[in-house]
Amino acid sequence: MECSLSSVKSIIKAAVTAAAAMAFCLSAGSAQAAKTMGFTYESPGDPIFSWIQTAGPTKVPYVIINAPNNGNLVAGDPSYIPTGSWSPSLASWVTLSQTLHNAGIKVICYVDSAYTNRPVWEVENDMSQYLLDGFTVDGFFIDDVAWGWSAASGDGSGTTHGQWYTSLYNFAHTTMPSWNNPKLAASPTIINNPGSIGDVSNWMTTCDLNVIFEGPYNTFTNSSGTTFSGYTSWSPSGTWVTSYPASRFINLVTNVPNTTTVDTIFNGAANKRAGYLYVTNVSCDWQAGFNTYGTDPTQTIWNREILKSQ
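First things first, this report covers the structure right here in the doc. (Residues numbered from 1 in each chain as written. Predicted model: local features only at pLDDT ≥ 70, side-chain atom pairs only at ≥ 80, totals over all residues. Heavy atoms only, no water.)

1. A few points about the overall build of the protein
Spelled out, the test is: A run of H or I in DSSP counts as a helix once it spans at least four residues, and a run of E counts as a strand once it spans at least two, with each numbered from the N terminus. For each residue, the accessible area found with a 1.4 Å probe, counting protein chains only, is set against the maximum for its type, and the residue is called buried under 20%, exposed over 50%, and partly exposed in between. In what follows, residue pairs with any heavy atoms lying within 4.5 Å of each other are defined as contacts.
Scanning the protein for helices and strands turns up 7 helices and 11 strands. Looking at the protein as a whole, 49% of its 310 residues are labelled buried. Considering only residue pairs separated by 6 or more positions, the protein has 70% of its internal contacts joining residues 24 or more positions apart.

Given below as structure tokens:
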């Protein structure tokens, strides 16, 4: 069969165009796929830590751990518990953090900002105490992040919320690494948890990762009359979030009934701007006594999200 030179060129051009389009699609799909965020308030010895290590850092790059007193590690803190009274022991926590880190999983330690109702130095002390107690620390999970960038902080310091959290971020990223403590990552990862989308994009200057959704899969009202807004009706579309890559955001989805729903959540991650997902069947209805993150998801739900994690 004979082909003209122009025909050959057309065939080659078409093949190159098709290959480029396929490469783009694969790249885009890869960029939008979500990974699992390890998130637990359980203690050393709990099965979830074995599950996380088995999954490995490709599936679960981070794990958020919470010392047995909500990160209140310094005497005088609310809910302070002396480390000598910890059960499991402090030594077991230290070993756990090192083991997870050695497995390539970044250990993110919980602290409570109490919506700025605590002085920022108290939270900085809790961060520092993790190192003094011997934990291996790759970053910090800042819980109970206040809303309103320009609103006054609750600690009476005269600072705004934005200034308060900027100070905390600079402490973690500049002051702490200057100590050259081998137990601390050179550039700690700071995760803020306001549980929703903040009023302005400035919030992204105070963290490396941001929890923009925390709540149930479907909206429900509990027996106390509290309404929990659902993931199905929530969207970051039209907000400043869409100006940032999904790799900067986390979605925490509770009350997930089955593996089919897990599939739906992970398949829709790109539309929810979720670079990281934690999915659990456990209810977020704390008023009814559920301990959402202090209770493991069923292994069926966990295995499914690990299967879907990219």
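2. Examining the packing of aromatic side chains
Which entries qualify depends on this criterion: Centres within 6.5 Å make a pair out of two Phe, Tyr or Trp rings, where for Trp the six-membered ring is used; the pair is then stacked when the planes are under 30 degrees apart, edge-to-face when over 60, and tilted otherwise.
Counted by the stated rule, this structure contains 26 aromatic pairs. Between Phe220 and Phe228, the aromatic rings sit 4.9 Å apart at their centres with planes inclined by 15°, giving stacked as the arrangement. Given a relative accessible area of 11%, Phe228 falls into the buried group. In this structure an aromatic cluster arises from ring pairing among Phe39, Tyr41, Tyr110, Phe141, Tyr278 and Tyr293.

3. What to know about the environment of Asp46
Formally: Between N or O atoms, a polar contact is any pair within 3.5 Å; within protein, one atom must be a potential hydrogen donor and the other a potential acceptor, and residues adjacent in sequence are included only when both atoms are from side chains.
Topologically, Asp46 is positioned in the loop between β2 (38–39) and α2 (47–55). Each C-alpha atom, one on Asp46 and one on Thr295, is 9.8 Å from the other, the two residues being 249 residues apart in sequence. Side-chain polar atoms of Asp46 contact the backbone nitrogen of Ile48, separated by 3.0 Å.

4. So, the environment of Thr298
Relative to the helices and strands, Thr298 resides in the loop between β11 (276–279) and α7 (299–308). Given a relative accessible area of 35%, Thr298 falls into the partly exposed group. The spatial distance from the C-alpha of Thr298 to the C-alpha of Thr280 is 7.7 Å, given a sequence separation of 18 residues. Once residues lying within four places of it in the same chain are set aside, the contact partners of Thr298 are Trp51 and Asn281.

5. Side note on the sheet that holds strand β4 (residues 106–112)
What counts is decided by this rule: DSSP-based pairing: two strands are paired if at least 2 bridges between them are found. Lines fitted to C-alpha atoms define the axes here, with helix axes fitted over just the stretch in contact, and angles between the N-to-C directions of these axes take values from 0 to 180 degrees.
A sheet is described by the order of its strands in space; here 9 strands give the open sequence β1-β11-β10-β7-β6-β5-β4-β3-β2, paired in parallel fashion. With partners counted over all chains shown, the strands left at the sheet margins are β1 (35–36) and β2, one partner each. Relative to strand β7 (residues 209–216), strand β6 (residues 184–192) runs parallel, the two being bridged by 2 bridges. Looking at the pairing, Asn192 lines up with Asn210 of β7. The sheet strands contacting helix α4 (residues 120–132) are β3 (62–65), β4, β5 (137–143) and β6, and the helix crosses β4 at an angle near 145°. Along the sheet, α7 makes contact with β1 and β11, crossing β11 at roughly 165°.

6. Quick word on α2
Operational definition: This arc describes the spread of directions from the helix axis toward the C-beta atoms.
Of the residues making up α2, those classed as buried are Ile48, Phe49, Trp51, Ile52 and Ala55. Angular distribution of buried residues about the axis of α2 spans 155°; they occupy a single face of the element. Turning to α2, the residues buried within the fold contact β2, β3, α3 (90–102) and α7. If you check the start of α2, you find a side-chain oxygen 3.0 Å away from the backbone N of Ile48, and it comes from Asp46. Backbone geometry just after α2 places Gly56 at a positive phi near 85°.

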